[in-house]
Amino acid sequence: MTLPQVTPLPIVLVAGNPNSGKSTIFNALSGSRAHVANYPGVTIDRVSAPVTIDGRDLELVDLPGTYSLSARSREEQIAVDSLLGRNLPSPAAMVVVVDAAALGRALFMALEVIATGVPVVIAVNMSDEVARDGIVIDLAKLGAMTGAEVVRTVATKGGGIANLKAAIGRAAARAPSEAPLVERPAAVALDLAALEAAILAEQVLERPGAARAWATWLLLSLDDDGADDLIGVPPALRTLTLDIRRRAAAAGRNVDLEIISSFYQRVDTIVEAVVTRPPEPRRHQTDRIDAVLTHGLYGGAVFAVVMLVVFQALFTWSEPAIALIESGVAGVQALAATALPAGPLTDLIINGIIAGVGNVVVFVPQIGLLFLFIGLLEDSGYLARVAFVIDRLMRSVGLNGRAFVPMLSGFSCAVPAVMATRTIESRTDRLLTMLVLPLMSCSARLPVYVLVTATVFAPGTRFGYLSAGAVLLFAMYMLSVVAALTAAAVLRRTVLKGPGAPLVLELPPYRLPAPRVLLFNVWQRVRAFLIGAGTVILALTIVLWALLSYPRAGDASAGDQLRQSFAGRLGHAIEPAIEPLGFDWRIGVGIIGAFAAREVFVSTLAIVFDIESGGAEDEPLRDALRAATWPDGRRLMTPLAGVSLMVFFVLACQCMSTIAVVRRESGTWTWPLFMLAYMTVLAYAASLAVYQIGSRLGLGLG
Amino acid sequence: MTSKPGSLAALPVGGTAIVSRVRGERAVVRRLLEIGLVPGTKVTLRRVAPMGDPIELKVRNFTLSIRRSEALGIDIE
Ligand SMILES: Nc1nc2c(ncn2[C@@H]2O[C@H](COP(=O)(O)OP(=O)(O)O)[C@@H](O)[C@H]2O)c(=O)[nH]1
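In this text, all values refer to a predicted model and were calculated from it rather than measured experimentally.

1. Some details on the overall build of chain B
Each helix and strand counted, chain B has two helices and five strands in total. The C-alpha radius of gyration computed for chain B amounts to 11 Å, which stays within 12% of the reference 11 Å derived for 77 residues, consistent with globular compactness. Its C-alpha atoms give chain B principal-axis dimensions of about 30 × 25 × 20 Å. In chain B, the proportion of contacts linking residues at least 24 apart, taken out of those at least 6 apart, comes to 54%. A total accessible area of about 2900 Å² is found for chain B, and carbon and sulfur atoms account for 54% of it. Distance between charge centres in chain B, computed from 13 positive and 7 negative side chains, equals 3 Å.

This is the structure in structure tokens:
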């Protein structure tokens with residue numbers, strides 16, 4: 001079969017350490033015309049943008065920010081595979097963005113890249129900051145010592161971008177070098193030469209320069225007992241690499257140390273030659289700010305205030321927007337109801353498709369706001385301090401400091417919070433956070449708590465001085481926190497054991513965030529949600545609608561329709577299973593309906609009980625619930641059954657949108673299904689315990 | 001956690017030393033080396049987080065935070 005010949009654009013990769021200003025540079029170069037796709041097989045976004053330089057069309061690709069090319073996971077492997085053209089066509093050139101103030105570290109990766117022979121442009125960014133500190137960098141010498149094009153940039157102000165473009169144009173026009181200025185680390189030269197020859201013999205790579213770089217990468221990255229998760233390494237090469245490592249280890253040598261040290265020796269030589277520091281470095285503003293912000297007392301206070309503001313804003317600022325979206329959706333539904341003839345198709349359009357789109361869009365305000373805050377915190381440098389201050393506490397349950405903001409956001413809504421786990425570097429830590437986060441009591445659970453407490457306690461019921469409702473509400477929030485932290489501790493010791501990733505947290509200087517990049521990132525996240533998770537949510541809404549609407553009951557009332565629908569029958573079918581928790585089939589139908597979103601529990605119950613327009617605050621629904629009985633005449637909603645129901649809602653994964661977003665962020669269905677399973681088991685067991693033990697003790701039955 | 005003498009974790013706040021060796025699990029060691037904590041590098045302990053862990057270092061003119069458990073594996077002279 002012959003495919004139509006599409007000549008792909010020559011690729012220019014953009015790499016850099018985290019916080020080097022890489023995103024800002026990418027934005028300045030591409031003018032926000034970015035396009036997001038996925039790398040094959042991993043959940044990392046591949047952001048690319050077309051650019052025209054000197055009349056030549058190129059494709060700019062943003063690589064994930066890293067400190068080195070070596071890898072243990074497929075996600076980390078992307079960088080080297082892209083650079084050596086192993087997953088896509090070989091790049092024509094590569095831009096390495098370095099933080100001018102941290103040249104002594106940033107050049108490490110730059111040298112790794114240069115060693116591949118691909119023409120490199122080094123963007124010496126943040127050059128305004130070093131200039132302010134009186135540090136002088138000799139760019140010409142840096143170019144001469146590395147063989148790269150070197151350009152000074154101030155990405156936030158667009159400084160040097162035109163020069164950078166010109167340098168990219170020149171680099172992309174050059175052929176790869178087979179004798180790059182960075183040579184094989186001397187100590188391992190023989191080992192590397194053997195491996196290089198094998199790579200060329202296996203014909204994995206054709207260019208000698210690429211083979212040499214890959215040989216270094218293999219030695220640094222492959223792990224003996226299959227502990228790495230790397231792909232595309234022929235078995236013969238794997239065996240040879242591990243042999244070399246073993247022989248070196250037997251001779252008392254440490255290959256990693258030899259390779260990395262030799263690169264750093266080179267880095268030190270270069271820095272020595274090109275950087276001139278003022279004799280008396282002045283104390284940095286960042287130092288003074290940090291003295292306060294990471295202080296035990298003041299730092300703690302500032303931390304609490306910032307988190308409170310973020311949290312409060314997430315709740316209250318998103319509310320008007322959510323209300324607007326909800327009334328907009330209702331308006332469109334009403335319009336469709338009058339414009340279209342009544343019938344199953346119209347019902348599908350109104351209650352399946354329009355409602356489904358509404359279910360997706362309703363998350364946008366919270367996702368947008370949360371990412372705006374995270375962007376502000378991250379770009380200003382404060383997010384790293386949050387992690388620094390809180391890491392000790394988070395670590396006691398196996399999480400890391402970076403998990404704090406996502407966990408806190410979980411009180412508002414798990415969907416944006418799961419997306420926020422992207423700021424966590426290691427995949428295991430990210431997964432762990434994602435899996436326990438939905439236990440945090442989100443705002444959609446509140447209407448359920450309100451309905452239940454108001455139903456089972458007469459107003460004014462008190463436990464001592466406190467109102468019964470308040471005590472119960474507090475208890476539910478505590479339960480959710482304890483459950484999340486315990487689940488984290490347990491999962492960390494069981495399913496997510498894995499090798500511990502060290503916390504290596506850079507504390508960048510405080511900076512003013514650039515609004516354009518900030519907003520662009522917010523938009524990227526919102527778009528990723530709409531495309532990646534939105535489609536699943538829409539599909540699930542339609543499935544749920546069908547369960548609640550079929551088979552048809554002719555002209556029966558809404559209540560009759562629901563009672564004899566699949567969902568109604570399912571409610572009856574599961575009654576034997578949920579009766580020991582204190583729930584009858586009607587509550588069962590409510591729980592099934594609540595899968596769309598927890599607050600839908602209230603409106604579904606209202607339909608089951610034939611109440612028009614039931615809200616959590618509505619008296620008729622409460623009265624109907626209070627009057628409801630089991631067939632033998634026992635009261636259904638005893639206080640004990642109410643508590644059991646609330647406990648169920650705290651712990652159960654009653655939210656298809658959470659499942660959809662975990663599916664998108666984890667890249668497989670395995671983890672969201674695991675999450676659904678463990679949370680359902682947990683919820684069932686806890687409610688069972690509450691109801692059965694309570695009943696035996698005769699608590700809350702009257 | 002008690003610190004062994006000679007490890008980075010035992011350095012007082014404000015103290016400066018030279019890294020002589022990095023020990024521990026391979027992935028952790030490699031990570032620390034790659035970020036610039038190779039033998040011969042000067043490190044300064046700048047601060048300790050309010051709860052005693054992690055610690056903040058100045059290495060190669062940038063600021064880095066690692067946990068005590070990792071610092072224990074970094075020998076200094
Ligand atoms: N002073 C200064 N700040 C910059 C420069 N480039 C980026 N920044 C800021 O540095 C922070 C990190 O930039 P970002 O592009 O997000 O870094 P990334 O993590 O490498 O993608 C942001 O607050 C930027 O506004 C620069 O040249 N000078």
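2. Quick word on the site of the ligand
Residues and elements named next belong to chain A. Around the ligand there are 20 residues in total, and N19, K22, S23, T24 and D128 lie nearest to it. Counting only elements with at least two residues in the shell around the ligand, the list comes to α1 (22-30) and α4 (127-132). The element best represented in the shell around the ligand is α1, accounting for three residues. Within the shell around the ligand, the residues separate by chemical class into seven nonpolar, eight polar and five charged. Taken domain by domain, the makeup of the shell around the ligand includes at least three residues from each of domain 1 (11-172) and domain 3 (284-702).

3. Section: the sheet that holds strand β5 (residues 74-76) of chain B
Spatially, β12(A)-β4(B)-β3(B)-β2(B)-β1(B)-β5(B) is the arrangement adopted by the six strands of the open sheet, whose pairing is antiparallel. Looking at which strands have only one partner, the edges of the open sheet turn out to be β12 (505-506) of chain A together with β5 of chain B. Summarising the sheet, β12 of chain A and strand β4 (residues 62-66) of chain B pair through two bridges and their orientation is antiparallel. In the sheet register, L505 of chain A faces β4 of chain B, and the bridge partner there is S65 of chain B.

4. Overview of the side chain of S565 of chain A
Within the element layout of this structure, S565 of chain A appears in the loop between α24 (558-563) and α25 (566-578). With near-sequence residues (within four places) excluded, S565 of chain A lies in contact with L547, L548, S549, Y550 and P551 of chain A.

5. Quick look at the packing of helix α12 (residues 298-316) of chain A against helix α15 (residues 364-380) of chain A
Residues and elements named next belong to chain A. Contact pair α12 / α15: the axes reach a minimum separation of 10 Å and the direction vectors enclose 160°. The angle between α12 and α15 falls in the class roughly antiparallel. Relative to α15, the crossing made by α12 is right-handed. Across the interface between the two elements, V306, M307, V310, A313 and L314 of α12 pack against Q366, L369, L370, F373 and L377 of α15. Residues belonging to the contact of α12 with α15 are distributed by class as follows: nine nonpolar, one polar and no charged.

6. Regarding the interface of chain A and chain B
Taken together, the 48 residues of chain A in the interface contact 33 residues of chain B. Around 3500 Å² of area is buried between chain A and chain B when both sides are counted, 53% of it from carbon and sulfur atoms. If you look at where chain A meets chain B, you find six salt bridges. Between D256 of chain A and R26 of chain B there is a salt bridge; the shortest N-O distance is 2.7 Å.

7. Notes on the pairing of β4 of chain B
All names here are of chain B. Extensive coverage of β4 is indicated by the burial of five of its five residues. Of the two faces of β4, the one carrying F62, L64 and I66 and the one carrying T63 and S65 are both buried. With five bridges joining them, strand β3 (residues 55-59) and β4 adopt antiparallel strand pairing. In the sheet register, I55 faces β4, and the bridge partner there is I66. Where β3 folds back on β4, the antiparallel hairpin that results is connected by two residues, among which R60 adopts a positive phi of roughly 50°.

8. Description of the packing of aromatic side chains
All names here are of chain A. For the structure shown, the criterion picks out 14 aromatic pairs over all chains. On the basis of an interplanar angle of 10° and a centroid distance of 4.9 Å, the ring pair of F108 and Y264 is categorised as stacked. With a gap of 156 residues between them, F108 in helix α3 (residues 103-114) and Y264 in helix α10 (residues 255-274) connect regions that are remote in the sequence. Judged on exposure class, the residue F108 and its partner Y264 are both buried. Considering the side-chain rings of W317 and F373, the 6.1 Å spacing of their centres and the 40° angle between planes classify their relative orientation as tilted.

9. Describing the pattern of salt bridges
Evaluation of the coordinates by the stated rule reveals 34 salt bridges over all chains. R132 of chain A is the partner of D133 of chain A in a salt bridge, and the nearest nitrogen-oxygen pair spans 3.7 Å. Here D391 of chain A ties to R67 of chain B by a salt bridge, and the two come within 2.8 Å at their closest N and O atoms. Note that D391 of chain A is positioned in helix α16 (residues 382-395) and R67 of chain B in the loop between β4 and α2 (68-71), a pairing that runs across two chains. One network of salt bridges, with partners in common, ties together R72, D223, R245 and D256 of chain A together with R26 of chain B.

10. Some thoughts on α12 of chain A
All names here are of chain A. With 19 residues, α12 should cover 27 Å at 1.5 Å per step; its first-to-last C-alpha distance of 27 Å lies within 8% of that length. Along α12, the residues that are buried comprise G299, F303, M307, V310, F311, A313 and L314. Across the axial projection of α12, the buried residues extend over an arc of 160°, all falling on one side. Turned more than 90 degrees away from the buried face of α12 sit Y298 and L308, all of them exposed. Turning to α12, the residues buried within the fold contact α11 (285-293), α13 (318-339), α15, α16 and α17 (404-409).

11. What about the domain arrangement of chain A?
Interface extent is often summarised as the accessible area lost during association of the parts. All names here are of chain A. What the domain assignment reports for chain A is domain 1 (11-172), domain 2 (186-276) and domain 3 (284-702). Taking the mean C-alpha position of each, domain 1 and domain 2 sit 23 Å from one another. Facing the 30 residues of domain 1 at the interface are 29 residues of domain 2. Carbon and sulfur atoms supply 64% of the area that domain 1 and domain 2 bury against each other, a total of about 2600 Å² over both sides. Where domain 1 packs against domain 2, one counts one salt bridge. In this structure, D223 and R72 form a salt bridge, with 3.6 Å as the shortest nitrogen-oxygen distance. At the junction of domain 1 with domain 2, the criterion picks out nine residue pairs in polar contact (both at pLDDT 80 or more). Secondary-structure elements contributing two or more residues to the side of domain 1 that touches domain 2 are α2 (74-83), α3, β7 (136-137) and α5 (139-146). If you tally residues by element for the side of domain 1 that touches domain 2, the top one is α3, at seven residues. Of the residues that constitute the side of domain 1 that touches domain 2, the class distribution is 15 nonpolar, eight polar and seven charged.

The rules behind the values
Sequence positions are assigned chain by chain, starting from 1 and proceeding in written order. As they are written, the chains are lettered A onward and the ligands numbered 1 onward, keeping that order. A pLDDT threshold of at least 70 governs which residues receive local features in this predicted model, and a stricter bar of 80 or more applies before side-chain atom pairs are shown or counted, although totals over entire chains, interfaces and linings include all residues. Think of the side-chain values as coming from all heavy atoms in the structure, minus any hydrogens and water. Only DSSP runs of H or I covering at least 4 residues are called helices, and only runs of E covering at least 2 are called strands; the numbering of each starts at the N terminus. Our radius of gyration is a C-alpha quantity, and the globule rule it is checked against amounts to 2.2 Å times the number of residues to the power 0.38. Here, two residues are considered to be in contact whenever any of their heavy atoms come within 4.5 Å of each other. The Shrake-Rupley method, run with a 1.4 Å probe, gives the accessible areas here. Residue values count only the displayed protein chains as cover. All tallies of charge rest on Lys and Arg as positive and Asp and Glu as negative; His and the ends of each chain are not included. In plain terms, the charge of a residue is placed at NZ if it is Lys, CZ if Arg, CG if Asp and CD if Glu. Residues are labelled near a given molecule or strand when at least one of their non-hydrogen atoms is within 4 Å of it. Note on residue classes: Ala, Val, Leu, Ile, Met, Phe, Trp, Tyr, Cys and Pro are nonpolar, Asp, Glu, Lys and Arg are charged, and everything else, Gly too, is polar. Throughout, the edges of the domains are those of an automatic or database domain assignment. The rule for pairing is simple: two strands pair if DSSP sees at least two bridges between them. Working convention: axes come from line fits to C-alpha atoms, limited for helices to the stretch in contact. Angles between N-to-C directions cover 0 to 180 degrees. Angle categories are assigned with fixed cut-offs, so that under 35 degrees is roughly parallel, over 145 is roughly antiparallel, 65 to 115 is roughly perpendicular, and the rest are oblique. With the far helix as reference, a near helix turned anticlockwise by less than a right angle produces a left-handed crossing, and one turned clockwise produces a right-handed crossing. Note on terms: buried area is the combined drop in 1.4 Å-probe accessible area of two parts once they are placed together, counting the loss on both. In the sections that follow, a salt bridge refers to a side-chain nitrogen of Lys or Arg positioned within 4 Å of a carboxyl oxygen of Asp or Glu. Relative accessibility decides the category of a residue: with a 1.4 Å probe and only protein chains considered, values under 20% of the type maximum give buried, values over 50% give exposed, and everything between is partly exposed. Paired rings are identified among Phe, Tyr and Trp, the last through its six-membered ring, by centres lying within 6.5 Å, and are further divided according to the angle between planes into stacked (under 30 degrees), edge-to-face (over 60) and tilted (the rest). Each residue after the first adds 1.5 Å to the expected span of a helix. Regarding the arc, it is the one traced by the directions from the helix axis to the C-beta atoms. Any pair of nitrogen or oxygen atoms within 3.5 Å is treated as a polar contact; in protein, a donor-acceptor pairing is required on top of that, and neighbouring residues in sequence qualify only through side-chain atoms on both sides.

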